[in-house]
Structure formats: structure tokens, C-alpha cells
Amino acid sequence: MHRRGRSPSLARPAHSLLGGVKRIAFWLAIALPAGYAPLLASGLDGRTSALLGALVVCNLVCLLVGHDYSPWFE
């Protein structure tokens, strides 16, 4: 018998896609802070502070999405 709401043929691709999104978010959460220093070093004018704010928000989203991914237990 199949579970209600999901067909077995759609469960695997959805699980695989979610795993890929978590993997990318995990690694972006590690890499994005490298952009903080150049933005801060260039001075915080209107455009730079907006870019820094967007980078911080993107990093927070990546942290939330990728927090339970573990590269050691794939």
C-alpha cells in the first residue's frame, strides 16, 4: 500500500532535490562571509552598505536552510 498524499515515484526526486538545496545552502553559508571583508574595507557608502546587508541576509537564509546538512554523512 502507498502512503496517502505522495506517490513513490515523486518522493525520491523531491528528497534528492531537497538534499541538493541543503548541500548548496550549507556550502554558501561557509563561503559568503568571505565577501564581508572587501565590502567593509571599501567603506560603507549607500551602495556598499546595501550590498553588505543583502549578503548578510543571504548568509542567514543559507544558514537556516543548510543547518542540518552534514558533509560527512551523505
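In case you missed it, the structure is sitting above this.
Residues numbered from 1 in each chain as written. Predicted model: local features only at pLDDT ≥ 70, side-chain atom pairs only at ≥ 80, totals over all residues. Heavy atoms only, no water.

### Topic: the packing of aromatic side chains
1) Next: If you walk through the whole model with that rule in mind, you get 2 aromatic pairs.
2) Next: Where F26 meets W27, the ring centres are 5.0 Å apart and the plane angle is 90°; that geometry is what we call edge-to-face.
3) Next: Through pairs of rings, three or more aromatic residues link up here, namely F26, W27 and Y69. (Phe/Tyr/Trp six-rings, centres within 6.5 Å; stacked < 30°, edge-to-face > 60°.)

### So, the nonpolar core
1) Next: Ranked by size, the top nonpolar core spans 7 residues in total: A25, A29, L32, L39, L52, L55 and C62.
2) Next: At the level of secondary structure, the elements contributing two or more residues to this core comprise α1 (8-31) and α3 (46-66).
3) Next: Of all the elements, α3 adds the most residues to this core, at 3 residues.
4) Next: If near-sequence neighbours (up to four positions away) are discounted, L39 is found in contact with L44, T48, L51, L52 and L55. (Core = buried A, V, L, I, M, F, W, Y, C linked by side-chain atoms within 4.5 Å. Buried < 20%, exposed > 50% of the residue type's maximum accessible area, 1.4 Å probe, protein only. Helix = DSSP H or I, 4+ residues; strand = E, 2+ residues; numbered from the N terminus. Contact = heavy atoms within 4.5 Å.)

### Describing a nonpolar patch on the surface
1) Next: A contiguous nonpolar surface patch, about 540 Å² in accessible area, is contributed by L17, V21, V57, V61, L64 and V65.
2) Next: Only α1 and α3 provide two or more residues apiece to the nonpolar patch.
3) Next: Positionally, V61 belongs in helix α3.
4) Next: Overall, V61 belongs to the partly exposed group, its relative accessible area being 44%. (Patch = residues over 30% accessible without salt bridge, like charges linked within 9 Å, V, L, I, M, F, W, Y side chains within 5 Å. Areas by Shrake-Rupley, 256 points an atom, 1.4 Å probe, with all protein chains shown as cover. Salt bridge = Lys/Arg side-chain N within 4 Å of Asp/Glu carboxyl O.)

### Examining the side chain of T48
1) Next: Following the sequence through the fold, T48 ends up in helix α3.
2) Next: Among all residues touching T48, those that are not within four sequence positions of it are L39, S42 and G43.

### Section: α3
1) Next: Between its first and last C-alpha atoms α3 spans 30 Å; for 21 residues at 1.5 Å apiece the expected length is 30 Å, and the two agree.
2) Next: Listed as buried for α3 are T48, L52, L55, N59, C62 and G66. Angular distribution of buried residues about the axis of α3 spans 85°; they occupy a single face of the element. Residues G46, V57 and L64 are exposed on α3 and point more than 90 degrees away from its buried face. (Expected span 1.5 Å × (residues − 1). Arc of directions from axis to C-beta.)

### Points about the state of the cysteines
1) Next: Inspection of every chain in the model, using the stated rule, returns 0 disulfides.
2) Next: Free of any disulfide, C58 has its nearest cysteine sulfur in C62, 4.4 Å distant. (Disulfide = S-S within 2.5 Å.)

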